[in-house]
Amino acid sequence: EFKAEETSMLVDNEESESDEGPSLLTEFERIQKERENLPVSKASADFIKLLETNQVLVIVGHTGSGKTTQIPQYLYDWSVKRGQKNLIVGCTQPRRVAATSVAARVAKERGVTLGHQVGYTIRFDDKTTKEGMNATRIKYMTDGMLLREFLNDPELSAYSAIMLDEAHERTLDTDILFGLLKMLCAKRHDDFKLIVASATLNAEKFSKFFEGAPVFTVQGTLFNVNVYHATKPELDFVEAAVTTALKIHLQKPKGDILIFLPGQEEIDDAAHMLEDRAKKVGKNEMQLIINPIYAAMAQEDQNKIFEPTPHNARKVVIATNIAETSLTINGIVYVVDCGFHKTKTFNPTTKVESLVTVPISQANAIQRMGRAGRVQEGECYRLYTRNAYNNDLLPDIIPEIQRSDVTPIVLLLKSLGIHDLFQFEFLDPPPVECFLSAFDQLYSLNAISDSGDMTTIGLTMSRFPLDVRLSKALIAAANVYDVLGPVIDIAAMLSVDGSMITRRFNQFQGPKEGEDKKNANSFDTDAMRQLGDMGDGTGDHMCLYKIYREWIHQKTIQQQSSYWAQSLSLDTRYLRRGEEIRDQIERLCDDVGMDINRDMDWDDTELSERIRKSLLAGYFGNVAHASLAIASKEEKKKPQGKRNKPLGAQLEEVSIKQVQYTTELNGREVFVHPSCIGIRHPPRYLFYHTCVYTKKEYMRQVSMIESEWVAEVSPPGYMEQMKGLLKGKKEQTHQQKKDDDEAEQIWQKLSQ
Ligand code: ADP
Ligand code: MG
């Protein structure tokens, strides 16, 4: 039975079915029925015919018509007939969750084990088989992973075809793939096919980019969806979404609900609120099954959203825009659309890239609405006014390439030998300032030379699927400071989704509805203090390092390491993920000849200093200095004379959250994020890993440094440039005093 499952991809379906056990047979049969009824299946013959005579096809069809799950299978089956059975069909997805979940579905459809003939590759998670009988032939992958594949295999010689899926999303990586794949098509004219798939109907742009490639439209039926707009603007969309969903649950006939919210925090909040309130409604109501879904969720939990809803129950799926087009959940009849999503923005002047919650576009709103009309007539509740829809929402999204930091892309293209980026064909080019900012960044990291050529350091950096600054930190740790091991640990911990520390404290930023406010808060601060105490007081980076090492230690000395983690309120899933990522970064280091065994046995102070210097070698552009201490209430009560102290002395008396910092690079006012746990006393100088905007701009993951370190770790010209920025050498030496004076003036004003 098991064997049949693994090899059935190579035989045809009838044969494999007869080998299956009776219970499997029915599920397998049911799935085949579902497949046959998909709109794409009805058009498969026409699709193949077009494929025979065209190298590039654009395919357009509503979400759920079967593009993602079926087309790669057709492509593979067809390429087998052309004698390319040992080549791979790749299908890119902008989202990791989509890549993993669709791969699981297709493995099931073909009756094979996930990771064998059908597999997926996402960053730091490769579920494919390279060789042998079970070698992966249909591979779902994030667009970023296909980009990296070009580094190992510039001609993609292992692939017979690529499907560039969800092209309408216009992610940065997909946009770059457009250009690269166009070049590849010219090189491999006879043995390579490209399919561009899109859920929206404006595919002409894609067709034009590929010199008039045919557009193949899949006819699907979409049932009518009634749209209801809010009559007045909703201030709290989480609350409004929960109320609306409950109303639907209590008043409307059977049918599942899909709620769109911007991010994990809102989704978790809404899930808790719904759960609480659903308990309070009458017992004879249908059971409400609540299924949140977002990228950082564990695989098993993600799969729950696809389970058929039991009789006499109603499912509520609460999702980010992942459920807009990349995942199809059967049975949705009601959609609740909050009107917002999270997107990346990049400011080339400040060089800050951040995720912000902004209104969706009309195109997004239409896609969201469409989710309600797949199985029957549906209803869509928009938590914004009709007026807002008409006047405030942009017609379409702005491609990510026009609002992103393109530094990693410039590095990647350069390492692929594409030197003149202005010659590269973009669907829409990034703004020139973004290019310049990228060159600036790469130059300051020594990744490119004066003449704009790639350096050895740049080449090494491009091998790591990490932020370029983090890659640079690894190189400094290996080549200069001999602390590669610890810096790998930290890089891995920083790469676990938003870092485990941040996530942990996101969950406890405030008590959930119905929770005791006091308890939740004291728990929060206790856990933070305990974790903070594990570090050496110099910052979050050392803290992450110590926590990670302690976890590894606990695992070796006892079976109960999860018990230890629990006592510190650490989520072991993130620690385990960190460990996996760590191993992969170490392997990559090994590949490029960076040696962990060169690490020396430093004493604690020396080690801490060297680690922070290594990190600073990547992040010297993120240095900030203390510029103002904000008086506490007690302090304000003191007599005037006692308050008049220089900034240095004030720093000793306040907590880090009371200090305003100013960034060296462009003088932005920033604060330390409340989730920072690793610094005991507010330092004069620090560097940060990322910045987030809420009401103010906050630095996340900070560590203290000495100001002289910047000159030590940055390239020769950098300090001069900095001084130039601060208008002359003299002023810079006076800068601190000026800050002190300024601080004192504001201090006095505040205390009046
Ligand atoms: P499209 O790419 O055109 O939006 P898909 O190929 O993703 O369509 O989906 C086709 C069908 O496959 C849908 O009806 C959906 O219900 C089903 N499907 C897709 N992924 C899964 C999954 N992980 N589990 C169960 N069913 C799935
Ligand atoms: Mg799809």
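Criteria and thresholds
- Residues numbered from 1 in each chain as written.
- Chains lettered and ligands numbered in written order.
- Predicted model: local features only at pLDDT ≥ 70, side-chain atom pairs only at ≥ 80, totals over all residues.
- Near = placed C-beta within 6 Å.
- Helix = DSSP H or I, 4+ residues; strand = E, 2+ residues; numbered from the N terminus.
- Nonpolar A, V, L, I, M, F, W, Y, C, P; charged D, E, K, R; others polar.
- Buried ≥ 20, exposed ≤ 12 C-beta atoms within 10 Å, placed from the backbone.
- Pairing = 2+ DSSP bridges.
- Axes fitted to C-alpha atoms, helices over the stretch in contact; angles between N-to-C directions.
- Expected span 1.5 Å × (residues − 1).
- Contact = placed C-beta atoms within 7 Å.
- pLDDT = per-residue confidence, 0-100.
- UniProt positions renumbered as here; feature names shortened; annotations may be inferred.
- Parallel < 35°, antiparallel > 145°, perpendicular 65-115°, else oblique.
- Left-handed = near helix turned anticlockwise from the far one by under 90°.
- Core = buried A, V, L, I, M, F, W, Y, C linked by C-beta atoms within 7 Å.

### What to know about the site of ligand 1
Moving on, step 1. The environment of ligand 1 is formed by 17 residues, the closest being K67, T68, T69, R105 and F306.
Moving on, step 2. At the level of elements, α6 (67–81) and α7 (96–109) are the ones that each hand at least two residues to the shell around ligand 1.
Moving on, step 3. For the shell around ligand 1, the class distribution of residues is four nonpolar, eleven polar and two charged.

### Remarks on the pairing of strand β18 (residues 659–663)
Moving on, step 1. Alternating residues of β18 divide into V659, Y661 and T663, all buried, and Q660 and T662, none buried.
Moving on, step 2. In this sheet, β18 lies alongside strand β17 (residues 623–629) in antiparallel orientation, the contact comprising five bridges. Across the sheet, the residue bridging to L628 is Q660, located in β18.
Moving on, step 3. Bridge count for β18 against strand β19 (residues 669–672) is two bridges, and the pairing is antiparallel.

### A look at the sheet that holds β17
Strand pairing within a sheet occurs via backbone hydrogen bonds; the two strands may be parallel or antiparallel.
Moving on, step 1. What the five strands build is a closed barrel, ordered β17-β18-β19-β21-β20; its pairing is mixed. Here the average twist between neighbouring strands, direction ignored, is 55 degrees.

### Considerations on helix α12 (residues 264–280)
Moving on, step 1. Over its 17 residues, α12 extends 25 Å from the first C-alpha to the last, a length consistent with the 24 Å expected when each residue adds 1.5 Å.
Moving on, step 2. Those residues of α12 that are buried are in contact with α11 (237–251), β10 (256–260), β11 (287–293) and β12 (313–319).

### Notes on the confidence of the model for the chain
Moving on, step 1. Across the chain, the average pLDDT comes to 86, with 86% of residues at or above 70.
Moving on, step 2. Residue range residues 1–21 is modelled with pLDDT below 50. Its contacts to residues more than four positions away, or to other chains, number 28 contacts.
Moving on, step 3. Here residues 498–523 scores under 50 on pLDDT; set against residues more than four positions off or in separate chains, the count is 37 contacts.
Moving on, step 4. We note a pTM of 0.85 for the whole complex and an ipTM of 0.98 for its interfaces.

### A few points about the UniProt feature "domain: Helicase ATP-binding" (unreviewed entry) in the chain
Moving on, step 1. Residues annotated by UniProt as "domain: Helicase ATP-binding" (unreviewed entry) correspond here to residues 48–219.
Moving on, step 2. Between the C-alpha atoms that bound residues 48–219 there is a distance of 16 Å. The span itself is 39% helix and 23% strand.

### Quick look at the environment of E29
Moving on, step 1. Assignment of secondary structure puts E29 in helix α3 (residues 22–36).
Moving on, step 2. Under the C-beta neighbour-count criterion, E29 is labelled partly exposed, with 13 such atoms within 10 Å.
Moving on, step 3. Taking the C-alpha atoms as reference points, E29 and G373, separated by 344 residues in sequence, lie 26 Å from one another.

### Describing helix α9 (residues 172–187)
Moving on, step 1. Helix length check: α9 (16 residues) gives 24 Å between terminal C-alpha atoms against 22 Å at 1.5 Å per residue, within 8%.
Moving on, step 2. On its buried face, α9 is in contact with β2 (88–93), α8 (143–152), β6 (159–164), β7 (193–198), α10 (204–209) and α17 (407–415).

### What about the packing of α11 against α12?
The axes of two packed helices give the description: the angle between them and the distance between them.
Moving on, step 1. At a minimum axis separation of 10 Å, α11 and α12 run at an interaxial angle of 40 degrees. On the basis of their axis angle, the class for α11 and α12 is oblique. By crossing handedness, the relation of α11 to α12 is classed as right-handed. Contacts between α11 and α12 involve V238, A241, V242, A245 and L246 from the first element and E266, D269, A270, M273, L274 and R277 from the second.

### Description of the nonpolar core
Moving on, step 1. Ranked by internal contacts, the top residues of the largest apolar core, which has 184 residues, are A241, I259, L474, V487 and A491.
Moving on, step 2. Per element, the largest residue contribution to this core is nine residues, and it comes from helix α20 (residues 468–481).
Moving on, step 3. Setting aside its immediate chain neighbours within four residues, L474 contacts F464, L484, V487, I488, A491, C589 and M594.

### A closer look at the sheet that holds strand β8 (residues 215–217)
Moving on, step 1. Pairing is mixed in the open sheet, where eight strands are placed in the order β4-β3-β5-β2-β6-β7-β1-β8. The sheet is open, and its two edges are formed by β4 (125–127) and β8, each paired on a single side. Pairs of neighbouring strands in the sheet enclose a mean axial angle of 20 degrees, with direction left out of account.
Moving on, step 2. Pairing of strand β3 (residues 118–122) with strand β5 (residues 138–142) involves four bridges; the strand directions are parallel. Among the inter-strand pairings, T121 is bridged to a residue of β5, identified as M141.

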